[in-house]
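Chain by chain, the residues run as shown.
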Amino acid sequence: MGMTVVARELDSEQLASLLADPSIANDLILDEVDDEDEDDDEDGSDGWLDLDKAWHGVHFLLTGAAWGTDNPLGGAVLGGREVGGDDGYGPPRLLEPDLVREVAEALGVVTDAELRARFDPEEMQRLDIYPQIWDESDILDEYLMPNVQQLRDFYARAAAHDAAVLIGVQ
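About the thresholds
Residues numbered from 1 in each chain as written. Predicted model: local features only at pLDDT ≥ 70, side-chain atom pairs only at ≥ 80, totals over all residues. Heavy atoms only, no water. Pairing = 2+ DSSP bridges. Helix = DSSP H or I, 4+ residues; strand = E, 2+ residues; numbered from the N terminus. Contact = heavy atoms within 4.5 Å. Axes fitted to C-alpha atoms, helices over the stretch in contact; angles between N-to-C directions. Polar contact = N/O pair within 3.5 Å; in protein donor to acceptor, adjacent residues only side chain to side chain. 1 Å grid on protein atoms, 1.4 Å probe; cavity = no way out; pocket = protein on both sides within 12 Å on 5 of 7 lines; lining within 4 Å. Points joined across faces, edges and corners; volume = space filled by probe spheres on them. Nonpolar A, V, L, I, M, F, W, Y, C, P; charged D, E, K, R; others polar. Buried < 20%, exposed > 50% of the residue type's maximum accessible area, 1.4 Å probe, protein only. Core = buried A, V, L, I, M, F, W, Y, C linked by side-chain atoms within 4.5 Å. Parallel < 35°, antiparallel > 145°, perpendicular 65-115°, else oblique. Left-handed = near helix turned anticlockwise from the far one by under 90°.

S.K.: What exactly am I supposed to notice about the sheet that holds strand 1 (residues 5-10) here?
M.R.: Pairing between sheet strands relies on hydrogen bonds along the backbone, with the strands arranged either parallel or antiparallel. The strand order across the open sheet formed by 5 strands is 2-1-5-4-3, and the pairing between neighbours is antiparallel. Only two strands of the sheet have a single neighbouring strand rather than two, namely strand 2 (48-52) and strand 3 (81-82). Pairing of strand 3 with strand 4 (residues 93-95) involves 2 bridges; the strand directions are antiparallel. Bridged to Glu82 within strand 4 is Arg93. Together, strand 4 and strand 5 (164-169) form the strand contacts of helix 5 (residues 97-109), whose direction differs from that of strand 4 by roughly 80°.

Following this line, the structure appears as structure tokens:
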């Protein structure tokens, strides 16, 4: 199966519940993973997003680094503050609405040309960017860029809804 990243929007009521009881963080993510099995809509239009195994490659395209989250683009996949317990790959991370808006704005400004210019399969292999499939033909156009677009759309909708975002690794 491997490591996948999922994210979901949290409305103000869900955010308040999470802040009052951080132990529900994993349940909130697992609820969305369970819903994924029932609904093939993976583009984030229903308030959740599944980046599959593309998450680390997408993060690299956004930042040019393996793990940095120093700017809003770095926060899109790996940002936020840890909340709740560790369910295997670290605790879920929470981006509150103000940070969601910053990430959405940054994703809306970065161009596909900039992202394509960062694509460097040799560097990605050297940095051990998961899942180390970057030398496959059409991986940029068929896998990474569609996931970048889904990420953009997801954050744009979350920002428009004044929502928080909860990110988890499964």
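S.K.: Any chance you could explain the environment of Arg93 here in plain terms?
M.R.: Here Arg93 lies in strand 4. Residues Arg93 and Ile167, spaced 74 residues apart in sequence, show a C-alpha to C-alpha distance of 5.1 Å. Ignoring anything within four residues of it in the chain, the contact list for Arg93 reads Val77, Leu78, Gly79, Gly80, Arg81, Glu82, Val83, Val165, Leu166, Ile167 and Val169. A distance of 3.1 Å separates a polar atom in the side chain of Arg93 from the backbone oxygen of Gly79.

S.K.: Got a minute to help me understand empty space enclosed by the protein in this structure?
M.R.: Over the atoms rolls a probe the size of a water molecule, and in doing so it shows where empty space is left. Tallying each qualifying case throughout the model produces 2 cavities of 30 Å³ or more. Quantified by volume, the largest cavity comes out at close to 40 Å³. Looking at the largest cavity, the residues that line it are Asn26, Ile29, Asp87, Gly88, Tyr89, Gly90, Pro91, Pro92, Gly168, Val169 and Gln170. Broken down by secondary-structure element, the contributors of at least two residues to the lining of the largest cavity are helix 2 (25-38) and strand 5. Here the lining of the largest cavity is built from residues that sort into 5 nonpolar, 5 polar and 1 charged. As a volume, the second largest cavity reaches approximately 30 Å³. As for the second largest cavity, its lining consists of Val5, Ala7, Leu49, Leu51, Ala76, Val77, Leu151, Phe154, Tyr155 and Ile167. Considering every element that reaches the lining of the second largest cavity, the biggest residue donor is helix 8 (residues 139-160), with 3 residues. Here the lining of the second largest cavity is composed, by residue class, of 10 nonpolar, no polar and no charged.

S.K.: Explain the environment of Asp31 here, please?
M.R.: With respect to the helices, strands and loops of the structure, Asp31 is situated in helix 2. Accessibility expressed as a relative area gives 40% for Asp31, which makes it partly exposed. Separated by 23 residues in the primary sequence, Asp31 and Arg8 have C-alpha atoms spaced 9.8 Å apart.

S.K.: Explanation requested: the nonpolar core in the structure shown.
M.R.: Across soluble globular proteins, you tend to see nonpolar side chains buried next to one another. One finds Leu62, Val77, Leu144, Leu151, Tyr155 and Val165 to be the most contacted residues of the largest nonpolar core, which totals 42 residues. For this core, the secondary-structure elements that each account for two or more residues are strand 1, strand 2, helix 3 (55-63), helix 4 (72-78), helix 5, helix 8 and strand 5. Once residues within four sequence positions are removed from consideration, Tyr155 is found in contact with Gly75, Ala76, Leu95, Val100, Val103, Ala104, Leu107, Val165 and Ile167. Of all hydrophobic cores here, the second largest spans 11 residues; its members include Val6, Leu15, Ala25 and Leu94.

S.K.: Looking at this model, I keep getting lost on the packing of helix 5 against helix 8. Mind explaining?
M.R.: Axes are the key here: two packed helices are described by the angle between their axes and the distance separating the axes. Look at helix 5 against helix 8: their axes get within 8 Å of each other, and the N-to-C directions meet at 140°. Taken together, the axes of helix 5 and helix 8 lie oblique to each other. As helix 5 packs across helix 8, the resulting crossing turns out to be left-handed. For the pair helix 5 and helix 8, contact is made by Val100, Arg101, Val103, Ala104 and Leu107 and by Leu151, Arg152, Tyr155, Ala156, Ala158 and Ala159, respectively. Classifying every residue of the contact of helix 5 with helix 8 gives 9 nonpolar, no polar and 2 charged.

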